[in-house]
Amino acid sequence: MGTTTVSQNLTRGGGFLIAAARPEDIFTPADLNDDQKLIGQTAEEFVAKEVLPLAPELEQHKEGLMPQMLKKAGELGLLGGGIPEEYGGTGLDKVSATILAEKLSAYGSFAVSHGGHAGIGTVPIVYFGTEEQKKKYLPKIATGEWLSCYCLSEPQAGSDSLAARTRAVLSPDGKNWILNGQKMWITNGGFADVYIVFAKVDGEKFSCFIVERKFPGFTTGAEEKKMGIKGSSTVPIFFENCPVPKENLLHEIGRGHIVAFNTLNVGRFSLGAYCLGGSKKVLEAASKYSKERTAFGKRLSEFGLIQAKLAEMAIRTYAVESMIYRSAGMIEGAMSAAQGDKTKQAMQVLEEYAIESSISKVYGSEVTDYCVDEAVQIFGGYGYHEDYPVARAYRDSRINRIFEGTNEINRMLIVQMLLKRAMGGALPLIPAAMKLGEEVLSGTAMEETADGPFAEEERSVAMGKKIFLQASGAAVQRFREKLADEQEIVAALANIVMEVYAMESCLRRAQKAAATRSEGGITAAMSDAARAFIYDAAGRVEREARTALAATAEGDMLRTQLSVLRRFAKREPVDGIALRRRVAAAVLAGDRYPFEGR
Ligand SMILES: Cc1cc2nc3c(=O)[nH]c(=O)nc-3n(C[C@H](O)[C@H](O)[C@H](O)COP(=O)(O)OP(=O)(O)OC[C@H]3O[C@@H](n4cnc5c(N)ncnc54)[C@H](O)[C@@H]3O)c2cc1C
């Protein structure tokens, strides 16, 4: 493959599966500039000083308190990052928006409320609004004078959101859309002023409307009694012959799905960033506690099994952080390079990286769930008590695998989007799979030579990509357009895709850090984290591929496929215990996630 083709593939959504990035190609947290760091610091301090102390009252839904917090955030410019400056926002670049989301996450309920307003409650107007709609709504949304929310789900239509029953019909005088129906689970719904509502025109054409709380026939229901994020507002909303001015149709009749799904792309990416921040916070709490608590005459932190937990939390968080900032840098690069109408181009860029956004959501949420679970375990019985910080984090974390498209739906989307791009020629996966087939036949497929300190990891990453091509190629050949019905195979392929992205992102970041930084300790611990992650992830890739292949082929064909897989997946053993002990030492040295900003 020529250099130009490689770099073209690299910048394509999903391109990481067929092109090898170099360390200098990827953005890492070490590349954050001072302005971006300052945004993160402002956000973190705001939550620590203004929001967290009020968490007990927020959890009790003290009247008006969450809106007050959001408005305060607005005064500091923390709500308008997604809004261009000409409409009163701060027009943050993607990397800044990512660190902002990450650093707002210390209190889950606030993070969710922020995302409901500044993310999915804002994006539809920014990207699909008319000039009048933007001028009317965005300046007030940017400051928090008006709070907003996103209303897609219904009692009977969650994942299957296009099955919505809320209807809109044009009034006889043609001046209003008359809405009837119900929405469910609306974050910020209890106090918002502006509602982005999806409804079917004449019961058929899925469309989007901007609805204001003050419109007649609009009501909200009682707060839902939730497992977690109790400080956030989640209510059903009702429309009973609710007139919505004709000019409040957002985008085009029958094109509401474009608004809905593109908005979710943005939301999913940010959700991963919020989760990343959450993982770091519980790691910090667990590390501190492990030094305070003694058992059998030792501090918990001295036990190997506790160190292994702290290390694994840090390692998986490192993988998420490496992926998310890599994606943010890629998205920002594509947006800066875009010519013409910046807003339109930005939407196209976000669509281009929809696969990476789903990865951010799925991997980010699953790692946070892993981290909160292990944090509770490290706290022991106290972890199960509301007076200690991790019980709430455990409850709050669980929602992230459910909303913004469940992780099951997102796994299927990852593969669906990849195949669509492959079939449409946007991503040359098919030629890559054919070339691999030829290499297997000619016996050259196993030749992956790399040298240097990460030679083994280089090989694992390269082989992970081949394994994806092998398993997906076999599945597509066998099931063709019916592959979507084989959900377990699709999920296995999605898991391989995510692991490959994570492995490569960890590796390139560690290489970049090793090449540009001289401080031994942390850079060495980062290399340890990358090694430990890649070794285990390579094992997961092999297992997922085996599952997929076993359901795809049989007899001699299966035996041949599995023997090829075994050769792809062959790797030298590593001492994962020693690697983890060193990573744990780095965590314990500062009682925090040790790789931030590196
Ligand atoms: C606290 C909270 C806040 C929320 N905030 C908002 C909001 O602000 N705006 C909004 O519009 N919505 C919001 N939601 C709704 C949320 O997006 C939905 O709950 C979610 O999309 C899942 O839909 P559902 O609950 O109907 O579950 P279902 O769609 O019934 O899914 C149930 C299970 O079946 C699985 N499943 C469904 N379809 C398939 C399939 N085709 N193949 C395989 N498995 C499948 C799902 O993955 C899940 O595991 C919120 C929900 C909660 C709990």
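Everything here concerns the structure above.
Please read these numbers as outputs of a predicted model, since none were measured by experiment.

Basis of the calculations
Residues numbered from 1 in each chain as written. Predicted model: local features only at pLDDT ≥ 70, side-chain atom pairs only at ≥ 80, totals over all residues. Heavy atoms only, no water. Helix = DSSP H or I, 4+ residues; strand = E, 2+ residues; numbered from the N terminus. Rg over C-alpha atoms; globule rule 2.2 N^0.38 Å. Buried < 20%, exposed > 50% of the residue type's maximum accessible area, 1.4 Å probe, protein only. Contact = heavy atoms within 4.5 Å. Areas by Shrake-Rupley, 256 points an atom, 1.4 Å probe, with all protein chains shown as cover. Lys, Arg positive; Asp, Glu negative; His and termini not counted. Charge placed at Lys NZ, Arg CZ, Asp CG, Glu CD. Near = heavy atom within 4 Å. Polar contact = N/O pair within 3.5 Å; in protein donor to acceptor, adjacent residues only side chain to side chain. Nonpolar A, V, L, I, M, F, W, Y, C, P; charged D, E, K, R; others polar. Phe/Tyr/Trp six-rings, centres within 6.5 Å; stacked < 30°, edge-to-face > 60°. Lys NZ or Arg CZ within 6 Å of the ring centre and 35° of its normal. Pairing = 2+ DSSP bridges. Axes fitted to C-alpha atoms, helices over the stretch in contact; angles between N-to-C directions. Parallel < 35°, antiparallel > 145°, perpendicular 65-115°, else oblique. Left-handed = near helix turned anticlockwise from the far one by under 90°. Salt bridge = Lys/Arg side-chain N within 4 Å of Asp/Glu carboxyl O. Patch = residues over 30% accessible without salt bridge, like charges linked within 9 Å, V, L, I, M, F, W, Y side chains within 5 Å.

(A) Spatial organisation of the overall build of the protein chain. Assigned secondary structure in the protein chain consists of 20 helices and 10 strands. The globule rule puts the C-alpha radius of gyration for 598 residues at 25 Å, and the 24 Å found for the protein chain is close to it. Taking the principal axes of the C-alpha coordinates as reference, the protein chain spans close to 75 × 60 × 45 Å. In the protein chain, which comprises 598 residues, the proportion classed as buried is 56%. Sequence-distant contacts in the protein chain: of pairs separated by 6 or more residues, those separated by 24 or more amount to 76%. Working note: accessible area of the protein chain is about 25,000 Å², and carbon and sulfur atoms make up 52% of it. Computed over 72 positive and 75 negative side-chain charges, the inter-centroid distance for the protein chain is 2 Å.

(B) A look at helix α13 (residues 389-397). Of the residues making up α13, those classed as buried are Val390, Ala391, Ala393, Arg395, Asp396 and Ser397. Looking at the buried positions of α13, the neighbouring elements they touch are α3 (55-59), α6 (108-119), α9 (256-292) and α12 (354-379).

(C) Examining the site of the ligand more closely. Near the ligand lie 20 residues; those nearest to it are Ser153, Ser159, Trp185, Thr406 and Glu408. Contact between the ligand and Ser153: a nitrogen atom at 2.7 Å from a side-chain N or O atom of the residue. Relative to its unbound accessible surface of 970 Å², the ligand loses 67% to contact with the protein. Of all the secondary-structure elements, those providing two or more residues to the shell around the ligand are β1 (148-151), β3 (176-187) and α14 (407-424). Here the shell around the ligand is built from residues that sort into 11 nonpolar, seven polar and two charged.

(D) Main features of the packing of aromatic side chains. Counting across every chain of the model gives 15 aromatic pairs. Between the aromatic rings of Tyr593 and Phe595, the centroid separation amounts to 5.6 Å while the plane-to-plane angle is 85°, which identifies the pairing as edge-to-face. Across this residue pair, the class does not change: Tyr593 and Phe595 are buried. Here a set of aromatic residues connected by ring pairs shows up, and it is made of Tyr289, Phe379, Tyr382 and Tyr388. Residue placement shows Arg540 over the ring face of Phe533; its charged tip is 5.4 Å from the ring centre.

(E) How the structure looks around the pairing of β1. By the alternation rule, side chains of β1 split into Ser148 and Tyr150 and Cys149 and Cys151, which are all buried. Where β1 lies against strand β4 (residues 194-201), four bridges are found, and the strand directions are parallel. From the neighbouring strand, Tyr150 faces β4, where its bridge partner is Ile196.

(F) Molecular detail of the packing of helix α4 (residues 65-75) against α6. Contact geometry of α4 with α6 gives a least axis separation of 11 Å together with a crossing angle of 65°. Regarding the angle of α4 to α6, the classification is roughly perpendicular. α6 is crossed by α4, and the crossing has right-handed handedness. Between α4 and α6, the contacting residues are Met66, Met69, Leu70 and Ala73 on the first element and Ser109, Phe110, Ser113 and His114 on the second. Looking at the contact of α4 with α6 residue by residue, the classes come out as five nonpolar, three polar and no charged.

(G) Focus on α4. Listing the buried residues of α4 in full gives Leu65, Met66, Pro67, Met69, Leu70, Ala73 and Gly74. On its buried face, α4 sits against α2 (34-51), α3, α6 and α8 (131-143). Gly77, located one to two residues past α4, shows a positive phi value of around 80°.

(H) Highlighting the pattern of salt bridges. One pass over the structure, following the stated rule, counts 41 salt bridges. We note a salt bridge from Lys72 to Glu50, for which the minimum N-O separation is 3.0 Å. Of this pair, Lys72 sits in helix α4 while Glu50 sits in helix α2, and the two are 22 residues apart along the sequence. One salt-bridge network, in which partners are shared between bridges, spans Glu102, Lys103, Lys280, Glu321, Arg509 and Glu596.

(I) Layout of a nonpolar patch on the surface. A cluster of nonpolar side chains, contributed by Met423, Ile430 and Met434, occupies part of the molecular surface with about 320 Å² of accessible area. Note that Met434 resides in helix α15 (residues 429-442). A relative accessible area of 53% means that Met434 is categorised as exposed.

(J) Expanded view of the pairing of strand β5 (residues 205-212). Of all eight residues in β5, seven are buried, a share of seventy percent or more. Connecting the antiparallel pair β4 and β5 is a turn made up of three residues, with Asp202 showing a positive phi of about 55°. One ladder, built from two bridges, connects β5 with strand β8 (residues 249-250); its direction is antiparallel. Across the sheet, residue Cys208 finds its bridge partner in β8, namely Leu250.

(K) Molecular detail of the environment of Thr444. Inspection of the secondary structure assignment puts Thr444 in the loop between α15 and α16 (455-479). Residue classification places Thr444 among the partly exposed residues on the basis of a relative accessible area of 31%. Among the polar contacts listed, one links the side chain of Thr444 to the side chain of Ser442, at a separation of 3.1 Å.

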